[in-house]
Amino acid sequence: MYYKYELKTNNEAFYNITDMVDDAIKKSGVESGICLVFCPHTTAAITINENADEYVAKDVILASKTAFPKLEGFRHDEGNSDGHVKCSMFGASETLIIDKGKLVLGVWQDIYFAEFDPPRNRSFFVKIIEG
Amino acid sequence: MYYKYELKTNNEAFYNITDMVDDAIKKSGVESGICLVFCPHTTAAITINENADEYVAKDVILASKTAFPKLEGFRHDEGNSDGHVKCSMFGASETLIIDKGKLVLGVWQDIYFAEFDPPRNRSFFVKIIEG
Amino acid sequence: MYYKYELKTNNEAFYNITDMVDDAIKKSGVESGICLVFCPHTTAAITINENADEYVAKDVILASKTAFPKLEGFRHDEGNSDGHVKCSMFGASETLIIDKGKLVLGVWQDIYFAEFDPPRNRSFFVKIIEG
């Protein structure tokens, strides 16, 4: 069994999903193990980064747009190949430790759903392995 | 136990390995759990991206070549440091959910072995954890 | 239970942590399973790359500095947003296979803690799942 969560994105940005991952762990009742947060989309990703200053996420988005711009040589006809490359760079998932029934995160870390396409209805999955 | 698969690459490109990962899951008989697809090479990677339009993979390769070109300052004497940086950026592995004996993938997702060096005999591993 | 290791970094570089991960596996007594190496910091990362030529790590650092420079548009007031973007690009963790009580790594692979900020006292976690 795994847990599915839905979110509505507004634009290219990071959306904090830590509370939803916490919810899955609570529902599972697992005290010790690992937790896989998986994105089933190809122009979005899961990433972990700073939660304190909202400008960190905005700066990371700016840096990724600068490093991976729309290129004249792109041939994918939907015109969103820059979103596809960011999907592979940020990665489809994050795996985290569960201890004493809670996520093990650094002081400044939270988990983000990263949107690289225009507003969409999106989902992600949480799978928990006891151990 | 884990499963080993081999492939022969022709050039810098994505090679769809989803059928081989499906094969490992079938052989394992595991109905529910997670699946780690791991690349043991340092100028190649495992990534997940779109399977519908072949130009997506080509555009992602083009974008990564553009962002991570051969630099004059490189000192590694094999001359393939651009392949090594892409290895770290795309990442050595992907972890996926297994449910009802099958991979849980989004509609547009497939799993790719990404080659960043000239043609090679390559391998990758699939490890399955029940849970 | 999971294992915590500490290291002191000197500058932006890769620090080989494979021996520490081996130590965790030995302490766990697990013969078969997976191993999650997790970084709890947001301007550092865990990555796998070549261990033979020290210039590979230096070239990868150079390439990532070139692709993700400090940008004029950054607004995070600590001035280290370039480190935060590299954190998300390299990724917070690596997951590896354990077989016969040992890490399954390619001939040229080792595991690195990647520092993207000035010298710090850092830590990382190793979580082992039997299976």
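Whatever comes next refers back to the structure up there.
Definitions and cut-offs
- Residues numbered from 1 in each chain as written.
- Chains lettered and ligands numbered in written order.
- Predicted model: local features only at pLDDT ≥ 70, side-chain atom pairs only at ≥ 80, totals over all residues.
- Heavy atoms only, no water.
- Helix = DSSP H or I, 4+ residues; strand = E, 2+ residues; numbered from the N terminus.
- Rg over C-alpha atoms; globule rule 2.2 N^0.38 Å.
- Buried < 20%, exposed > 50% of the residue type's maximum accessible area, 1.4 Å probe, protein only.
- Contact = heavy atoms within 4.5 Å.
- Areas by Shrake-Rupley, 256 points an atom, 1.4 Å probe, with all protein chains shown as cover.
- Least-squares fit on C-alpha atoms with pLDDT ≥ 70 in both.
- Core = buried A, V, L, I, M, F, W, Y, C linked by side-chain atoms within 4.5 Å.
- Salt bridge = Lys/Arg side-chain N within 4 Å of Asp/Glu carboxyl O.
- Polar contact = N/O pair within 3.5 Å; in protein donor to acceptor, adjacent residues only side chain to side chain.
- 1 Å grid on protein atoms, 1.4 Å probe; cavity = no way out; pocket = protein on both sides within 12 Å on 5 of 7 lines; lining within 4 Å.
- Points joined across faces, edges and corners; volume = space filled by probe spheres on them.
- Nonpolar A, V, L, I, M, F, W, Y, C, P; charged D, E, K, R; others polar.
- Arc of directions from axis to C-beta.
- Pairing = 2+ DSSP bridges.
- Axes fitted to C-alpha atoms, helices over the stretch in contact; angles between N-to-C directions.

Participant: Any chance you could explain the overall build of chain A here in plain terms?
Facilitator: Scanning chain A from N- to C-terminus turns up three helices and eight strands. Counting from the amino terminus, chain A carries its helices and strands in the arrangement β-β-α-β-β-α-α-β-β-β-β. Rg of the C-alpha trace for chain A: 15 Å, near the compact-globule value of 14 Å for 131 residues, within the 12% margin. The C-alpha extent of chain A, read off along each of the three principal axes, is 50 × 30 × 25 Å. Within the span of chain A, comprising 131 residues, buried residues form 65% of the whole. Put simply, 82% of the contacts in chain A that link residues at least 6 apart link residues at least 24 apart. Surface accessibility of chain A: about 5,300 Å² in total, with carbon and sulfur atoms responsible for 48%.

Participant: I keep staring at the relation of the copies chain A and chain B and nothing clicks. Help me out?
Facilitator: Copy one and copy two of the chain differ by a rotation about a common axis and a shift along it. For these two chains of identical sequence, chain A goes onto chain B by a turn of 120° and a shift of 0.0 Å along the axis, with RMSD 0.0 Å. Taken together, the turn and the small shift mark the pair as related by a three-fold rotation axis. Taken together, the interface assignments show that only 20% of the residues at the interface of chain A recur at the interface of chain B, consistent with different surfaces on the two copies.

Participant: It is not clear to me how the nonpolar core should be interpreted in this structure. Could you clarify?
Facilitator: In a soluble, globular protein the nonpolar side chains are often hidden away together inside. In terms of nonpolar packing, the biggest core is built from 96 residues, with Phe124(A), Phe124(B) and Phe124(C) touching the most fellow members. Those residues in contact with Phe124(B), other than ones at most four positions away along the chain, are Tyr3(B), Lys4(B), Tyr5(B), Leu7(B), Ile17(B), Met20(B), Val21(B), Val37(B), Phe38(B), Pro40(B), Ile46(B) and Phe113(B). Core analysis: the next-biggest nonpolar cluster, separate from the first, contains 48 residues, Ala63(A), Phe74(A), Val56(C) and Ile61(C) among them.

Participant: I tried to follow the pattern of salt bridges on my own but got confused; where do I start?
Facilitator: Here the idea is simple: oppositely charged side chains can pair when their charged atoms come close. Residues and elements named next belong to chain B. Tallied over the entire structure, the rule returns 17 salt bridges over all chains. For Lys 4, the salt bridge is made with Glu 6, and the minimal N-O distance between the two is 4.0 Å. When its relative accessible area of 60% is taken as the criterion, Glu 6 is described as exposed. The partner of Asp 82 in a salt bridge is Lys 70, and the shortest N-O contact between them spans 3.1 Å. Separated by twelve residues along the polypeptide, Asp 82 in helix H3 (residues 81-90) and Lys 70 in the loop between helix H2 (54-67) and H3 bring together distant segments of the chain.

Participant: Would you take a moment to explain the environment of Asp23(B) for this structure?
Facilitator: Examined against the element boundaries, Asp23(B) turns out to sit in helix H1 (residues 18-28). Separated by 79 residues in the primary sequence, Asp23(B) and Lys102(B) place their C-alpha atoms 9.9 Å from one another.

Participant: Is there a simple way to explain the side chain of Thr43(B) in this structure?
Facilitator: All names here are of chain B. Examined against the element boundaries, Thr 43 turns out to sit in the loop between strand E3 (33-38) and strand E4 (44-50). A distance of 3.0 Å separates the side chain of Thr 43 from the side chain of Arg 122, its partner in a polar contact. The contacts of Thr 43, once residues within four sequence positions are left out, are Asn 80, Gly 83, His 84, Cys 87, Glu 115, Phe 116, Asp 117 and Arg 122.

Participant: Before we go on, may I ask you to explain the relation of the copies chain B and chain C in this structure?
Facilitator: Mapping chain B onto chain C is achieved by rotating through 120° and translating by 0.0 Å along the same axis, at an RMSD of 0.0 Å. When the interface residues of chain B are mapped onto chain C, a mere 20% of them are again interface residues, pointing to distinct binding faces.

Participant: Quick question: what am I supposed to make of empty space enclosed by the protein here?
Facilitator: Left-over empty space is what a probe sized like a water molecule reveals as it rolls over the atoms. Under the definition given, this model contains one cavity of 30 Å³ or more. Empty space within the largest cavity amounts to approximately 310 Å³. Partitioned by chemical class, the residues of the lining of the largest cavity number nine nonpolar, twelve polar and three charged.

Participant: Teacher, can you tell me more about H1(B) here?
Facilitator: Along an α-helix, a turn takes 3.6 residues, which lines up residues three or four apart on a common side. Residues and elements named next belong to chain B. Within the span of H1, buried status applies to Thr 18, Val 21, Ala 24 and Ile 25. The buried residues of H1 all sit within an arc of 120° when viewed along its axis, so they share a single face. Of the residues in H1, the exposed ones pointing more than 90 degrees away from the buried face are Asp 19, Lys 26 and Lys 27. A positive phi of about 75° marks Gly 29, the residue just after H1.

Participant: Help me understand the sheet that holds strand E7 (residues 109-115) of chain C in this model?
Facilitator: Sheet strands line up and pair through hydrogen bonds in the backbone, either parallel or antiparallel. All names here are of chain C. Strand order across the open sheet formed by three strands is E2-E7-E4, with antiparallel pairing between neighbours. The open sheet has two edge strands, strand E2 (13-16) and strand E4 (44-50), and neither has a second partner. Looking at each pair of strands side by side, their axes are set apart by 40° on average, direction ignored. Where E2 meets E7, four bridges bridge the pair, whose relative direction is antiparallel. Its bridge partner being in E7, Tyr 15 is matched across the sheet by Phe 113.

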